[in-house]
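So the chains spell out like this:
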Amino acid sequence: EVNGWATTETDPVAIVNALLASCDGHIAQHGDGTLVLTVGKFREDLVEVISEADIVGHVIQNDVPEEDEVNRLVPKFTYPATDYTQAVTDYFESTDDQSIIGRVLSQDMDVSWVQNWRQARRLGKREWLRLQQKKAGSFDLRLSAINAIHARWVRLDTPNLLPRLDGKIVENRRAIMALMQGGFQMEWRLHPDDVDAWTPAS
C-alpha cells in the first residue's frame, strides 16, 4: 500500500523512487522503451542466468568500505496516529559490528509514502538483510547477457571463473550500456536467502 502526494513541481524521479521504496520495487527499461516493474517477494521464475561465457570482466568486493559501513538501519515512515508526521519503527542493528567498530553507524531508510507501521518495518527488514550481504561488485557482460541486465535477480553459472559464487543469486542494482567493456556493465549485491523471512508475531 502506498499513500503520498506530489505537485507538478516535484521531480518525477523522486515520485518513482518513493513508489519503489514503498513496495521494495525494481524497475528496468527494455530497449523498446517498455518498463518492467518487479516488486516484493522473491520469485524463482523471474531469475535469469549469467554464465562464464557472458562475463568478460569482473570486480568483486568481499567487504564494505569503512565509510559505507552500516550497523543500524532506521526506517522512517508517515504515521496517521501522530497526525501524519514522520515516525520511526523499531530499528535493526548489529551489536556485534558495533562492538568491533566501537561506534554506531546509523542510516535512515526513507519510506515516507508508507503509512503502515508493519509495512515500514517489513520493508526495513528486507533492506537490513541486504545490507548484511557484504559481497558485491560489478560484471562486464557481453551482449549475450541482455536478458539478465533487465532482470532483478540473476543466478551465476561460474564453476571455473568464480567458483565461490557459482550457483549464487545476485541482485541487479544497476545495469548500463557499456560497449567499450563488451556490451553491458552490471552492479550487483549478493541476494540474501532469507529475504522473505517474516514472522508477524515476533
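Residues numbered from 1 in each chain as written. Predicted model: local features only at pLDDT ≥ 70, side-chain atom pairs only at ≥ 80, totals over all residues. Heavy atoms only, no water.

Q: Requested: an account of the overall build of the protein chain, with residues and values cited.
A: Scanning the protein chain for helices and strands turns up four helices and twelve strands. A compact globule built from 202 residues should have a C-alpha radius of gyration of about 17 Å, and the protein chain, at 18 Å, falls within 12% of that. By principal-axis analysis of the C-alpha atoms, the protein chain measures approximately 55 × 45 × 30 Å. Looking at the protein chain residue by residue over its 202 residues, the buried ones come to 38%. Here the analysis covers contacts within the protein chain between residues at least 6 apart in sequence; of these, 68% occur between residues at least 24 apart. On the protein chain, the mean spot of the 21 positive side-chain charges and the mean spot of the 31 negative ones are 4 Å from each other. (Helix = DSSP H or I, 4+ residues; strand = E, 2+ residues; numbered from the N terminus. Rg over C-alpha atoms; globule rule 2.2 N^0.38 Å. Buried < 20%, exposed > 50% of the residue type's maximum accessible area, 1.4 Å probe, protein only. Contact = heavy atoms within 4.5 Å. Lys, Arg positive; Asp, Glu negative; His and termini not counted. Charge placed at Lys NZ, Arg CZ, Asp CG, Glu CD.)

Q: I'd like a rundown of helix 3 (residues 117-131), residues and numbers included.
A: The end-to-end C-alpha separation of helix 3 is 21 Å, in line with the 21 Å expected for 15 residues at 1.5 Å each. Contacts from the buried residues of helix 3 go to helix 1 (12-23), strand 5 (72-79), strand 7 (92-93), strand 8 (106-111), strand 11 (169-178) and strand 12 (183-190). Of the residues flanking the start of helix 3, the one acting as N-cap is N116, its side-chain oxygen 2.9 Å from the backbone nitrogen of R118. (Expected span 1.5 Å × (residues − 1). Polar contact = N/O pair within 3.5 Å; in protein donor to acceptor, adjacent residues only side chain to side chain.)

Q: Residue-level account of the nonpolar core, with values.
A: One finds I50, F139, L141, V154, L156 and M186 to be the most contacted residues of the largest nonpolar core, which totals 16 residues. Those elements giving two or more residues to this core turn out to be strand 9 (136-142), helix 4 (146-149), strand 10 (153-157) and strand 12. Looking at which element gives the most residues to this core, the answer is strand 12, with four residues. Excluding residues that lie within four positions of it along the chain, V154 makes contacts with V47, E48, V49, I50, A148, K168, I169, V170 and M186. A87, F92, M109 and L123 belong to the second largest nonpolar core, which has twelve residues in total. (Core = buried A, V, L, I, M, F, W, Y, C linked by side-chain atoms within 4.5 Å.)

Q: A description of the environment of T38 should follow, citing residues and the corresponding values.
A: As for its position among the elements, T38 is in strand 2 (residues 35-38). Given a relative accessible area of 8%, T38 falls into the buried group. Contacts of T38, omitting those with residues within four sequence positions, involve D24, G25, H26, R43, L46, R152 and W153.

Q: Give me the pattern of salt bridges: which residues, what numbers.
A: On inspection of all chains with the given rule, the structure shows 13 salt bridges. For the salt bridge of D24 with R130, the shortest nitrogen-to-oxygen distance reads 2.9 Å. Of this pair, D24 sits in the loop between helix 1 and strand 1 (26-29) while R130 is found in helix 3, placing the two residues 106 residues apart along the sequence. Pair check on accessibility: D24 and R130 agree, each one buried. Taking the shortest distance from any N to any O, the salt bridge between E171 and R130 comes out at 3.0 Å. Taken as a pair, E171 in strand 11 and R130 in helix 3 lie far apart in primary sequence, 41 residues in all. With relative accessibility at 4%, the residue R130 sits in the buried group. Through salt bridges with shared partners, one network takes in D24, R126, E127, R130, R152, E171, R173 and D196. (Salt bridge = Lys/Arg side-chain N within 4 Å of Asp/Glu carboxyl O.)

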